Amino acid sequence: MITNTGYNKYQNNSILTASPQELTLMLYNGAIKFCNQAIVSLDNNEIEKAHNYINRVEDIIEEFVITLDEKYPVAESFKKMYDYINDRLVEANITKDKEVLEEVLGFLRELRDTWKEAMKLAKIPKNKDTTNVTE
């Protein structure tokens, strides 16, 4: 059996050197990946695998809730959204309902895409010469 030790080292190094913003993006991507895997597992009638993948998505959502900075008013809105997603994940895990997982997947993709856009906007250099003021 061939191991992907080079890839694993690269992945570990990526995580260790990532900014908090990049780590958040990685978590969104991980949640999307696990949600997709849960859907495929349900399609293949692999109930235990689906259960495990759904639990991994729940763990990521829980991490998002734990790390919310409540000093910002938007944190309460995010908490409500994460709570809703988590409730839907619990329901999907109990009922093994693929449609509920697809709904969650849509929310996760929207959150990830919004986060990516915010990261891009944060990197835009501020134009220092916006007023043409002369001394």
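- By the naming in an unreviewed UniProt entry, the chain goes by Flagellar export chaperone FliS and is assigned to Vallitalea maricola.

1. Concerning the overall build of the chain
Stage number 1. A tally of regular secondary structure across the chain gives five helices and zero strands.
Stage number 2. Counting the 135 residues in the chain, one finds 26% classified as buried.
Stage number 3. In the chain, of all internal contacts separated by at least 6 residues, the share reaching a separation of at least 24 is 64%.
Stage number 4. Of the accessible surface of the chain, which amounts to about 9,900 Å², a share of 53% is contributed by carbon and sulfur atoms.

2. Focus: helix H4 (residues 74-95)
Stage number 1. Here H4 spans 32 Å end to end across 22 residues, near enough to the 32 Å set by a 1.5 Å rise per residue.
Stage number 2. Taken residue by residue, H4 has Ala-75, Tyr-82, Ile-85, Arg-88, Leu-89, Ala-92 and Asn-93 as its buried positions. Looking straight down H4, one finds that the buried residues subtend no more than 150° of arc, so they occupy a single side. Exposed residues on H4 whose side chains face more than 90 degrees from its buried face are Lys-80, Asp-87 and Ile-94.

3. Side note on the packing of helix H3 (residues 47-66) against H4
Stage number 1. Look at H3 against H4: their axes get within 10 Å of each other, and the N-to-C directions meet at 165°. With respect to their mutual orientation, H3 and H4 come out roughly antiparallel. Here the hand of the crossing between H3 and H4 comes out left-handed. Contact residues: H3 offers His-51, Ile-54, Asn-55, Val-57, Glu-58, Ile-61, Phe-64 and Val-65, while H4 offers Tyr-82, Asp-83, Ile-85, Asn-86, Leu-89, Val-90, Ala-92 and Asn-93.
Stage number 2. Of the residues that constitute the contact of H3 with H4, the class distribution is ten nonpolar, four polar and two charged.

4. Focus: the packing of aromatic side chains
Stage number 1. Going through the model one piece at a time under the given rule, you end up with five aromatic pairs.
Stage number 2. A ring pair is formed by Tyr-28 and Phe-64, whose centres lie 4.5 Å apart and whose planes are at 35°; its orientation type is tilted. Here Phe-64 lies in helix H3 and Tyr-28 lies in helix H2 (residues 20-43), a separation of 36 residues in the sequence.
Stage number 3. Between Tyr-84 and Phe-107 the ring centres are 5.8 Å apart and the planes differ by 85°, which places this aromatic pair in the edge-to-face class. Of this pair, Tyr-84 sits in helix H4 while Phe-107 sits in helix H5 (residues 98-123), and the two are 23 residues apart along the sequence.
Stage number 4. Here Tyr-84 falls in the partly exposed class, since its relative accessible area comes to 38%.
Stage number 5. Residue classification places Phe-107 among the partly exposed positions, given a relative accessible area of 29%.
Stage number 6. In this structure an aromatic cluster arises from ring pairing among Tyr-28, Phe-64, Phe-78 and Tyr-82.

What counts and how
- Residues numbered from 1 in each chain as written.
- Predicted model: local features only at pLDDT ≥ 70, side-chain atom pairs only at ≥ 80, totals over all residues.
- Heavy atoms only, no water.
- Helix = DSSP H or I, 4+ residues; strand = E, 2+ residues; numbered from the N terminus.
- Buried < 20%, exposed > 50% of the residue type's maximum accessible area, 1.4 Å probe, protein only.
- Contact = heavy atoms within 4.5 Å.
- Areas by Shrake-Rupley, 256 points an atom, 1.4 Å probe, with all protein chains shown as cover.
- Expected span 1.5 Å × (residues − 1).
- Arc of directions from axis to C-beta.
- Axes fitted to C-alpha atoms, helices over the stretch in contact; angles between N-to-C directions.
- Parallel < 35°, antiparallel > 145°, perpendicular 65-115°, else oblique.
- Left-handed = near helix turned anticlockwise from the far one by under 90°.
- Nonpolar A, V, L, I, M, F, W, Y, C, P; charged D, E, K, R; others polar.
- Phe/Tyr/Trp six-rings, centres within 6.5 Å; stacked < 30°, edge-to-face > 60°.

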